[in-house]
Amino acid sequence: MYRSVEMLMIREFTLDFVTLAAALRPVRRLRLKRLISAAAAGALFAGLLLPMALPEAVKNFLSICWTAVMARMAAGPGHRGAGAAVLALSALGYALSRPFQGNSLLAAGTYCLSALGSSLILNRKRRWQANWRVEIRLEWRGRAAAFPALIDTGNRLREPVSSLPVIVVGQEQLQGLLPRDYDPLEPWRRPFPGLREVAFGGVGGSGVMGCFCPEALKFDGAEAGEAFWVAVYPGPLPGGAGALAPPECMEYFAGKDRKHQSKEECSCRAPNP
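Residues numbered from 1 in each chain as written. Predicted model: local features only at pLDDT ≥ 70, side-chain atom pairs only at ≥ 80, totals over all residues. Heavy atoms only, no water.

Two numbers describe a pair of aromatic rings. These are the distance of the centres and the angle of the planes. According to the stated counting rule, one finds seven aromatic pairs in the structure shown. Relative to Phe192, the ring of Tyr182 lies with its centre 5.5 Å away and its plane at 65°, an arrangement referred to as edge-to-face. Placement of Tyr182 in the loop between β3 (166-170) and β4 (196-202) and of Phe192 in the loop between β3 and β4 is noted, with a sequence separation of 10 residues between them. Residue Tyr182 shares its accessibility class with Phe192, and that shared class is buried. Clustering of aromatic rings is evident, with ring pairs tying together Trp140, Tyr182, Phe192 and Phe212. (Phe/Tyr/Trp six-rings, centres within 6.5 Å; stacked < 30°, edge-to-face > 60°. Helix = DSSP H or I, 4+ residues; strand = E, 2+ residues; numbered from the N terminus. Buried < 20%, exposed > 50% of the residue type's maximum accessible area, 1.4 Å probe, protein only.)

Direction vectors running N to C along helix α2 (residues 32-49) and helix α3 (residues 56-75) enclose 165°, while the axes themselves pass 8 Å from each other. Between α2 and α3, the angle is such that the two are roughly antiparallel. Judged by the twist between their axes, the crossing of α2 over α3 is right-handed. Between α2, through Arg34, Leu35, Ser37, Ala38, Ala41, Gly42, Phe45 and Leu49, and α3, the contact on the second element is made entirely by Lys59, Leu62, Ser63, Trp66, Met70, Met73 and Ala74. Here the residues of the contact of α2 with α3 sort into 10 nonpolar, three polar and two charged. (Axes fitted to C-alpha atoms, helices over the stretch in contact; angles between N-to-C directions. Parallel < 35°, antiparallel > 145°, perpendicular 65-115°, else oblique. Left-handed = near helix turned anticlockwise from the far one by under 90°. Contact = heavy atoms within 4.5 Å. Nonpolar A, V, L, I, M, F, W, Y, C, P; charged D, E, K, R; others polar.)

Here we come to the layout of surface pockets. Over the atoms rolls a probe the size of a water molecule, and in doing so it shows where empty space is left. Computed from the structure, the largest pocket encloses a volume of approximately 1100 Å³. Considering the residues around the largest pocket, the lining is formed by 29 residues, among which Arg11, Glu12, Asn60, Ser63 and Tyr94 are closest to the centre. Elements represented by at least two residues in the lining of the largest pocket include exactly α1 (2-24), α2, α3, α4 (82-97) and α5 (104-131). Counting residues per element, the lining of the largest pocket draws most heavily on α3, which supplies eight residues. (1 Å grid on protein atoms, 1.4 Å probe; cavity = no way out; pocket = protein on both sides within 12 Å on 5 of 7 lines; lining within 4 Å. Points joined across faces, edges and corners; volume = space filled by probe spheres on them.)

Judged by side-chain polarity, Leu44, Leu48, Met52, Leu54, Val58, Phe61 and Leu62 come together as a nonpolar surface patch covering roughly 610 Å² of accessible area. Elements represented by at least two residues in the nonpolar patch include exactly α2 and α3. Top element by residues in the nonpolar patch is α3. It accounts for three residues. You can see Met52 is positioned in the loop between α2 and α3. Residue classification places Met52 among the partly exposed residues on the basis of a relative accessible area of 42%. (Patch = residues over 30% accessible without salt bridge, like charges linked within 9 Å, V, L, I, M, F, W, Y side chains within 5 Å. Areas by Shrake-Rupley, 256 points an atom, 1.4 Å probe, with all protein chains shown as cover. Salt bridge = Lys/Arg side-chain N within 4 Å of Asp/Glu carboxyl O.)

Attention now goes to the pattern of salt bridges. In total, this model carries six salt bridges according to the counting rule given. We note a salt bridge from Glu12 to Arg11, for which the minimum N-O separation is 3.4 Å. Glu159 is the salt-bridge partner of Arg196, the closest N and O atoms lying 3.3 Å from each other. A residue pair is termed long-range when its members are at least 10 positions apart, and Arg196 in strand β4 and Glu159 in the loop between β2 (143-151) and β3 qualify at 37 residues. This pair shows no difference in class: Arg196 is buried, exactly as Glu159 is.

In the predicted model, the protein chain carries a mean pLDDT of 77, and the fraction of residues at 70 or more is 79%. Of the regions scoring below 50 in pLDDT, residues 254-273 engages in 33 contacts with residues more than four places distant in sequence or in other chains. (pLDDT = per-residue confidence, 0-100.)

Let's shift gears to α2. The end-to-end C-alpha distance of α2 is 26 Å, a good match for the 26 Å that 18 residues give at a rise of 1.5 Å each. Listed in full, the buried residues belonging to α2 are Leu35, Ala38, Ala39, Ala41, Gly42, Ala43, Ala46, Gly47 and Leu49. (Expected span 1.5 Å × (residues − 1).)

All right, on to the nonpolar core then. In summary, soluble globular proteins display a tendency toward joint burial of nonpolar side chains. One finds Ile136, Leu174, Phe212 and Phe219 to be the most contacted residues of the largest nonpolar core, which totals 27 residues. Counting residues per element, the ones that place at least two in this core are β1 (133-140), β2, β3, β6 (216-219), β8 (229-233) and β9 (243-245). Excluding residues that lie within four positions of it along the chain, Phe212 makes contacts with Leu138, Trp140, Leu174, Leu177, Leu178, Phe192, Gly194, Trp229, Val230 and Val232. Counting 21 residues, the second largest nonpolar core, distinct from the first, contains Leu35, Ala74, Ala85 and Leu89. (Core = buried A, V, L, I, M, F, W, Y, C linked by side-chain atoms within 4.5 Å.)

What follows covers the side chain of Thr110. By the secondary structure assignment, Thr110 is in helix α5. Aside from chain neighbours lying at most four places away, what touches Thr110 is Leu96, Ser97 and Phe100.

Remark: α3 packs on α4, axes separated minimally by 8 Å, with the N-to-C direction vectors making an angle of 120°. Accordingly, the angle class assigned to the pair α3 and α4 is oblique. The crossing of α3 and α4 is right-handed. Two secondary-structure elements touch here, α3 through Ile64, Thr67, Ala71 and Ala75 and α4 through Ala82, Gly83, Val86 and Leu87.

The next point concerns unusual backbone geometry. The phi angle at Arg141 is positive, at roughly 55°, despite the residue not being glycine. Tracing the backbone through its elements, the reader meets Arg141 in the loop between β1 and β2. Overall, Arg141 belongs to the partly exposed group, its relative accessible area being 43%. In the Ramachandran plot, Ser163 falls in the positive-phi region, its phi being about 60° despite a non-glycine side chain. For Ser163, a relative accessible area of 43% corresponds to the partly exposed category.

Right under this line is the structure:
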């Protein structure tokens, strides 16, 4: 029994260390001492739980609860979601390694490879999300506004006359830029020169937004090489984003050549008759 418990603790320490490092690497800077302490705590818990005469369901429940404690130890205070990330990678690794349970070495190797592969995917997603946020600055009628925006590939809105892409901006981001009597809920009641309407629809509902074409537009300080329309969304946008930029903005960060606006497209700046 001593030898089996000893080998179990060595195995659990290794798997816990790999799981914790793989789960936390995409969201937090790793601390080696914290990882070692958390993995050691997991191995000790497994060694104490093994000889106990408890139903398997109870042992599994206690292991899940202890996983959250280990994640907190490894991640430190103030980090949410660490326990969920560790549990998700543990479940995935267990599911992939289960067919090889007859060969402990092969099962452990499969588990570790699945955890490391998942970590690489999550780390790539983190960089993707960080790079797809942009600071927008626009000027219109002698006034300027600046706000952060998320590049949303689902934003396929087009201004109906010019067919140009639309940046959806929350109402609060444009305070001081629009006329004081402008009502985004009913944009047609108090129109201003250059105002047009664009319809939107989705799971959260549908409606009509007023939109205008700014005189100058910058993405992270770089001048936009083509025109975009700006639609005013009534109230804050769902998800906490200040604005949703269309996928056409990606070319400004991918190093592609910018397209120049044609004379017909530039006519969008003319007042709406």
